[in-house]
Amino acid sequence: MPTALERITIEPTNAATACVIWLHGLGDSGAGFAPVVPVLGLPQNHSIRFIFPHAPEQAVTINGGYIMRSWYDIKSMDLHDRADINGVLESEQAVKALIHEQIEAGIAAEHIILAGFSQGGVMSLFTGLRFEHKLAGIMALSCYLPAGENLPDDLHPANANTPLLQHHGEQDEVVPLFAGKMAYDALKKAGYASNWKTFTMPHSVIPEQLNEIGQWIASKLIR
């Protein structure tokens, strides 16, 4: 069993009937995105639990072996050899355990959105597309696929028709725009229903984008 991920949990005013699990980027923590919840523009009486887990601390090759929070080791800038797949698989198990924890707590998988930024977006795509129960949505911000233009192995049919949201910054200096577009093109070619949009921004999120994210979340989780 994977070690349970430490996390920040933001409960709604009402009893939770849905959940967003939001994975942070390299060197960040769940605290980096927890403040976005009040600015998503969701109705005050929503019933969505937000969970912001912390990645484990580990050495990151591309940063000189410096130890930081990371979902997997980044070996090089080469998109086809960037993500340490063993680390990706280990984090996938931890994220899956978090999803199953919510299911066991009474929230159906189809009421759960798996979201992520940068490294966290890589994990949301990889884990969500392979997950054995249908999710409400998969959100992948400013990220790429672990194997470049190749989709993960063992894709699960349960999420073949799950709505995807992909955003990327046109001025992204960390994950080039073409890397995100490569992922979108691969998903589109495989028949996935992904909504792709670029913003005039670097490797970050901006208010205009968060407003659209809030509308997307609401459309998937608020009935």
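Before any of the text, the structure's been laid out above.
Below: a short report on this structure.

So, how was this worked out
Residues numbered from 1 in each chain as written. Predicted model: local features only at pLDDT ≥ 70, side-chain atom pairs only at ≥ 80, totals over all residues. Heavy atoms only, no water. Pairing = 2+ DSSP bridges. Helix = DSSP H or I, 4+ residues; strand = E, 2+ residues; numbered from the N terminus. Axes fitted to C-alpha atoms, helices over the stretch in contact; angles between N-to-C directions. Buried < 20%, exposed > 50% of the residue type's maximum accessible area, 1.4 Å probe, protein only. Right-handed = clockwise from strand over helix to strand, strands pointing away. Phe/Tyr/Trp six-rings, centres within 6.5 Å; stacked < 30°, edge-to-face > 60°. Salt bridge = Lys/Arg side-chain N within 4 Å of Asp/Glu carboxyl O.

### Structural notes on the sheet that holds strand β3 (residues 48-53)
Piece 1. With mixed pairing, the seven strands of this open sheet are ordered in space as β1-β3-β2-β6-β7-β8-β9. On the outer flanks of this sheet lie β1 (7-10) and β9 (194-199), each paired with one strand and no other. In this sheet, neighbouring strand axes are inclined to one another by 15° on average, regardless of whether the strands run parallel or antiparallel.
Piece 2. Sheet topology places strand β8 (residues 164-169) next to β9; six bridges connect them, and they run parallel.

### Structural notes on the pairing of strand β7 (residues 137-141)
Piece 1. Burial analysis of β7 places five of its five residues in the buried class, the great majority of the element.
Piece 2. Taking every second residue as pointing to the same face, both faces of β7 are buried, with Gly-137, Met-139 and Leu-141 on one and Ile-138 and Ala-140 on the other.
Piece 3. Looking at chain direction, strand β6 (residues 112-117) and β7 are connected through five bridges and run parallel. When the sheet's bridge partners are listed, Ile-113 is paired in β7 with Gly-137.
Piece 4. With respect to chirality, the unit in which β6 leads through helix α2 (residues 119-130) into the neighbouring parallel β7 is right-handed.
Piece 5. The pairing of β7 with β8 spans four bridges and is classified as parallel.

### Some thoughts on the pairing of strand β4 (residues 57-60)
Successive residues of a regular strand alternate their side chains across the two faces of the sheet.
Piece 1. Where β4 and strand β5 (residues 66-69) come together, four bridges link them in antiparallel fashion. Its bridge partner being in β5, Ala-59 is matched across the sheet by Ile-67.
Piece 2. Taking the residues that link successive antiparallel strands as the turn, the β4-β5 hairpin has five residues, and the phi of Gly-64 there is positive, at about 70°.

### Regarding the packing of aromatic side chains
Piece 1. This model, assessed by the stated rule, comprises five aromatic pairs.
Piece 2. Grouping aromatic residues by their ring pairs yields a cluster made of Trp-22, Phe-33, Phe-50, Phe-52 and Phe-117.

### Section: the pattern of salt bridges
Piece 1. Enumeration according to the criterion identifies seven salt bridges in this entry.
Piece 2. Residue Asp-154 is joined to Arg-130 by a salt bridge in which the shortest nitrogen-to-oxygen separation is 4.0 Å. One end of the pair, Asp-154, is in the loop between β7 and β8; the other, Arg-130, is in helix α2, and 24 residues separate them in sequence.
Piece 3. Across the pair Lys-181 and Asp-185 runs a salt bridge whose closest N-O atoms are separated by 2.9 Å. Pair noted here: Lys-181 and Asp-185 are both in helix α3 (residues 177-189), with a separation of four residues, about one helical turn.
Piece 4. On the basis of relative accessibility, which here comes to 32%, the residue Lys-181 falls in the partly exposed class.
Piece 5. On the basis of relative accessibility, which here comes to 35%, the residue Asp-185 falls in the partly exposed class.
Piece 6. The network of salt bridges with shared partners includes Glu-92, Arg-130 and Asp-154.

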